[in-house]
Amino acid sequence: MGKTLQNRILYFFVAIFIITNLGFYKTYLIHFPTFEGFAAVYHVHGMLAMAWILMLIAQAYLIRAKKYDLHRFVGKLSYVIMPLFLASVFFAAKESYLVNIKTKPQADALANLTNGGTVDIFFLGLIYVLAIAYKKNVGYHIRFMAGTGLVILGPGLGRFVFVFLSVPFPFALIPMLLCTTGVGIVWLILDIKNKKSAFPMGVYVTIALAVMVMGIGSQSAWWQGFAKWWVETLY
């Protein structure tokens, strides 16, 4: 991995950390230390999300510093952190649905599952599995790991745009989706231009666009049917 890419990846992960904390500051962090009104699952979810982002930063730094043995050791911790994080996404989405269903029509509560974490379980999980499957291919591995960062960036960026820039919901979702998907598209174009494999970012962009389609079709019969089955079976 080139020095320039090493630096960019490190700065990119640091930017995700900053944006995520800014995005959740007024809606969550400002309530420290009591966090009155927040379910315990959100605390666990938040800590695991931060653990993952900090791990990405550490991994990028260790590669840059050529501390490969420590990089591999920290990488093995991901086998524990990511499954726990995905589980926390599931339970946070469940908690959100159970709150929404009390005040919203069922169709709207089911529609909210498209941006409430349910879809991200599959998106993030698949990207992570591919990152591990291709851990010996540095180019693929770093792109898939960066993809996990892009997925996690979404919620914090959306809240940052909504809270700090006062962009009303659901319009705040537009820059969030354009950024998380757009970065992947730009990276894909650059890879093709530089005659590198389009596979890793091509997979990321394809899934990201599919997630966007799910969000747009959240009131459609096919999504409503799947979401209803999901909550009746698992919630």
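Every chain is numbered on its own, with residues counted from 1 as its sequence reads. Residue-level local features of this predicted model are given only where pLDDT is at least 70; pairs of side-chain atoms are given and counted only at 80 or more, and the full residue set underlies all totals for whole chains, interfaces and linings. Remark: hydrogens and water are excluded; side-chain values derive from all non-hydrogen atoms of the structure.

## Things to note about the nonpolar core
Side-chain atoms within 4.5 Å link the members of a nonpolar core, which is a set of buried Ala, Val, Leu, Ile, Met, Phe, Trp, Tyr and Cys residues. Throughout this description, buried means an accessible area under 20% of the type-specific maximum (1.4 Å probe, protein chains only), exposed means over 50%, and partly exposed covers the range between. One finds F13, W52, F85, F123 and Y204 to be the most contacted residues of the largest nonpolar core, which totals 59 residues. Numbering of helices and strands runs from the N terminus; a helix is a DSSP stretch of H or I covering at least four residues, while a strand is a stretch of E covering at least two. The element contributing the most residues to this core is helix α6 (residues 138-163), with eleven residues. In what follows, a contact means two residues having at least one pair of non-hydrogen atoms within 4.5 Å. Ignoring anything within four residues of it in the chain, the contact list for F123 reads V151, Y204, I207, A208 and V211.

## Some remarks on α6
Helix length check: α6 (26 residues) gives 37 Å between terminal C-alpha atoms against 38 Å at 1.5 Å per residue, within 8%. Taken across its 26 residues, α6 has 19 buried, putting it largely inside the fold. A helix is expected to reach a length of 1.5 Å times the quantity of its residues less one.

## Topic: helix α2 (residues 40-64)
Look at α2: 37 Å from first C-alpha to last across 25 residues, which is about the 36 Å you get at 1.5 Å a residue. Two residues or fewer after α2 comes K66, characterised by a positive phi angle close to 60 degrees.

## Describing the environment of L70
Along the chain, the position of L70 falls in helix α3 (residues 68-100). For L70 and Q59, which are eleven residues apart along the polypeptide, the C-alpha to C-alpha distance reads 8.7 Å. Look past the residues within four positions of L70 in its chain and what remains in contact with it is Q59 and L62.

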